[in-house]
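Tertiary structure, described
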Amino acid sequence: MDFGQRGRRAQKAEAGKLAFGTVDSWLAWKLTGGAAHITDVSNASRTLLYNIHTNEWDTELLELFDIPKAMLPKVKASSEVYAETVPTLLGSRVPVAGIAGDQQAALFGQMCLRPGMLKHTYGTGGFMVLNTGDTPITSKNNLLTTIAWKIDGKVTYALEGSIFIAGAVVQWLRDGLGLIKTSAEVERLAQTVPDNGGVYLVPAFAGLGAPHWDQYARGTITGITRGTTAGHLARAALEGIAFQTLDVLEAMEADSGIPVKELRVDGGATGDDTLMQFQADILNVPLVRPKIWETTALGAAYLAGLAVGFWKDTEELQRQWQIEKEFRPLMDPAKVSELKHGWRKAVGCAKGWLKG
């Protein structure tokens, strides 16, 4: 270790010439002309330097990584007025008032405010987050324990499960195989067949995420026969998104001990009604799709609006939040069991592929 370099780094940090932060810290710094070097608890909890139990920068971890505490941003609540923008930037001083991590903001935007409420974002990847209230639950099923937000002095915790490939599998059908010209066409192609024909597609293009965390897994298609068509592949791709969601949801139920009553969904793929209905069937819980799908932006706006008094409280926000469509389970339980069994066999084939 270069103790001279370490000392110089500490000196620069103490003098305010060296700072570290996440992207929200950089944005706040720029918006306020350097007046605010801050982050919120949800972003701080993702740095590997923040103790989510004591809610402060962890001295032991800072020493382990040799990071001067003086260079770190002040950790704030997710909803409060932190500072104002410099007047030359927007023509007047505007309050900077809400900060939250991507998926935490989406959880808030979905108004999952009570323990046991959860949402799933279907983007390029998939991100399921469960509100666990004021208790940080240590996962026994390979999920991430994180801070959801801090409002009015109260910290709310969550469990998160990340899926590497969700909507990206549709992009692969489009760009890699050329089965469709636009992503929106996948639903029509999948509807050309009544079911998956025994075909399962495990989109482990970069390994498997939660709850498997298998870096050696690779994409696998099982059950192909002479009768397999492009429609079967399209349906299997969509179902693969839903099955991965099932894996994460089962892990969350096991960790929390809370049976899921509904799943609130958002993200681009939620516009695919075929996928959403299959998801409700395979989970055996209702899916709720809100009118506003961009719930990360909505959650950030809610947090800022609360801080400046645009909305009085979360009760007012819940009255504003609206459902666009609900999907209820319709599939025969025996068929659901059969499909789950087929998926688990397919995942077993994909796991550990690079190990030989």
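Residues numbered from 1 in each chain as written. Predicted model: local features only at pLDDT ≥ 70, side-chain atom pairs only at ≥ 80, totals over all residues. Heavy atoms only, no water.

1. Side note on the overall build of the chain
Of the regular secondary structure elements, the chain holds 13 helices and 15 strands. Computed over C-alpha atoms, the radius of gyration of the chain comes to 23 Å, within 12% of the 21 Å expected from 2.2 N^0.38 for 356 residues, which places it in the range of a compact globule. Each principal axis of the C-alpha distribution contributes one length, and for the chain these read about 70 × 55 × 40 Å. Looking at the chain as a whole, 49% of its 356 residues are labelled buried. Total accessible area on the chain stands at roughly 17100 Å², and carbon and sulfur atoms take up 53% of it. Seen as two clouds, the 36 positive and the 38 negative side-chain charges of the chain have centres 3 Å apart. (Helix = DSSP H or I, 4+ residues; strand = E, 2+ residues; numbered from the N terminus. Rg over C-alpha atoms; globule rule 2.2 N^0.38 Å. Buried < 20%, exposed > 50% of the residue type's maximum accessible area, 1.4 Å probe, protein only. Areas by Shrake-Rupley, 256 points an atom, 1.4 Å probe, with all protein chains shown as cover. Lys, Arg positive; Asp, Glu negative; His and termini not counted. Charge placed at Lys NZ, Arg CZ, Asp CG, Glu CD.)

2. Focus: helix α6 (residues 102-109)
In terms of burial, α6 is a largely internal element, seven of the eight residues being buried. Among all positions of α6, only Q103, Q104, A105, A106, L107, F108 and G109 are buried. At the C-terminal side of α6, M111 shows a positive phi close to 55°.

3. A few points about the packing of aromatic side chains
Taken as a whole, this structure holds nine aromatic pairs when the rule is applied. Arranged with centres 5.6 Å apart and planes meeting at 65°, the rings of F164 and W213 form a pair that is edge-to-face. Note that F164 is positioned in the loop between β10 (154-163) and α7 (168-175) and W213 in the loop between β11 (200-202) and β12 (220-222), a separation of 49 residues in sequence. F164 sits in the partly exposed class, given a relative accessible area of 35%. Given a relative accessible area of 44%, W213 falls into the partly exposed group. Ring geometry for F243 versus F278: centroids 5.5 Å apart, planes at 85°, classification edge-to-face. Separated by 35 residues along the polypeptide, F243 in helix α9 (residues 230-256) and F278 in helix α10 (residues 273-283) bring together distant segments of the chain. Each member of the pair, F243 as well as F278, carries the same accessibility label: buried. Connected via pairs of aromatic rings, a cluster forms that spans Y200, F243, F278 and W343. The cationic tip of R264 hangs over the ring face of W321; the distance from NZ or CZ to the ring centre is 4.0 Å. (Phe/Tyr/Trp six-rings, centres within 6.5 Å; stacked < 30°, edge-to-face > 60°. Lys NZ or Arg CZ within 6 Å of the ring centre and 35° of its normal.)

4. Examining the layout of surface pockets
Of the pockets and cavities examined, the largest pocket occupies roughly 370 Å³. In terms of lining, the largest pocket is formed by 19 residues, of which the most central are D24, L27, G98, I99 and A100. Where the lining of the largest pocket is concerned, the elements lending two or more residues are α2 (23-31), β6 (95-98), α6 and α11 (295-308). Broken down by class, the residue content of the lining of the largest pocket amounts to twelve nonpolar, five polar and two charged. (1 Å grid on protein atoms, 1.4 Å probe; cavity = no way out; pocket = protein on both sides within 12 Å on 5 of 7 lines; lining within 4 Å. Points joined across faces, edges and corners; volume = space filled by probe spheres on them. Nonpolar A, V, L, I, M, F, W, Y, C, P; charged D, E, K, R; others polar.)

5. Brief notes about empty space enclosed by the protein
For the coordinates displayed, the defined rule picks out one cavity of 30 Å³ or more. Its boundaries defined by the atoms lining it, the largest cavity holds a volume of some 30 Å³. In this structure, the largest cavity is lined by R235, L238, E239, T274, L275 and F278. For the lining of the largest cavity, the secondary-structure elements that each account for two or more residues are α9 and α10.

6. Some thoughts on α10
Here α10 lies mainly inside the structure; nine of its eleven residues are buried. Listed in full, the buried residues belonging to α10 are T274, L275, M276, F278, Q279, A280, D281, I282 and L283. Its side-chain oxygen placed 3.0 Å from the backbone nitrogen of T274, D272 serves as the N-cap of α10. In the stretch just after α10, N284 is the one whose phi turns positive, near 60°. (Polar contact = N/O pair within 3.5 Å; in protein donor to acceptor, adjacent residues only side chain to side chain.)

7. Structural notes on a nonpolar patch on the surface
On the surface, V23, W26, L27, L31, L89, L90 and V94 cluster together into a nonpolar patch covering about 640 Å² of accessible area. Residue assignment for the nonpolar patch shows that the elements contributing at least two residues are α2 and α5 (87-90). Counting residues per element, the nonpolar patch draws most heavily on α2, at four residues. With respect to the helices and strands, L31 occurs in helix α2. (Patch = residues over 30% accessible without salt bridge, like charges linked within 9 Å, V, L, I, M, F, W, Y side chains within 5 Å. Salt bridge = Lys/Arg side-chain N within 4 Å of Asp/Glu carboxyl O.)

8. What to know about the environment of Q244
Relative to the assigned elements, Q244 resides in helix α9. A sequence separation of 118 residues divides Q244 from G126, and the C-alpha atoms of the two residues are 8.7 Å apart.

9. Some details on the packing of α10 against helix α13 (residues 333-350)
Where α10 contacts α13, the axes come no closer than 9 Å and their chain directions differ by 95°. Regarding the angle of α10 to α13, the classification is roughly perpendicular. Each of F278, D281 and I282 in α10 lies in contact with α13, whose residues at this interface are V336, L339 and K340. Of the residues contributing to the contact of α10 with α13, the split by class is four nonpolar, no polar and two charged. (Axes fitted to C-alpha atoms, helices over the stretch in contact; angles between N-to-C directions. Parallel < 35°, antiparallel > 145°, perpendicular 65-115°, else oblique. Contact = heavy atoms within 4.5 Å.)

By themselves these figures say nothing about function.
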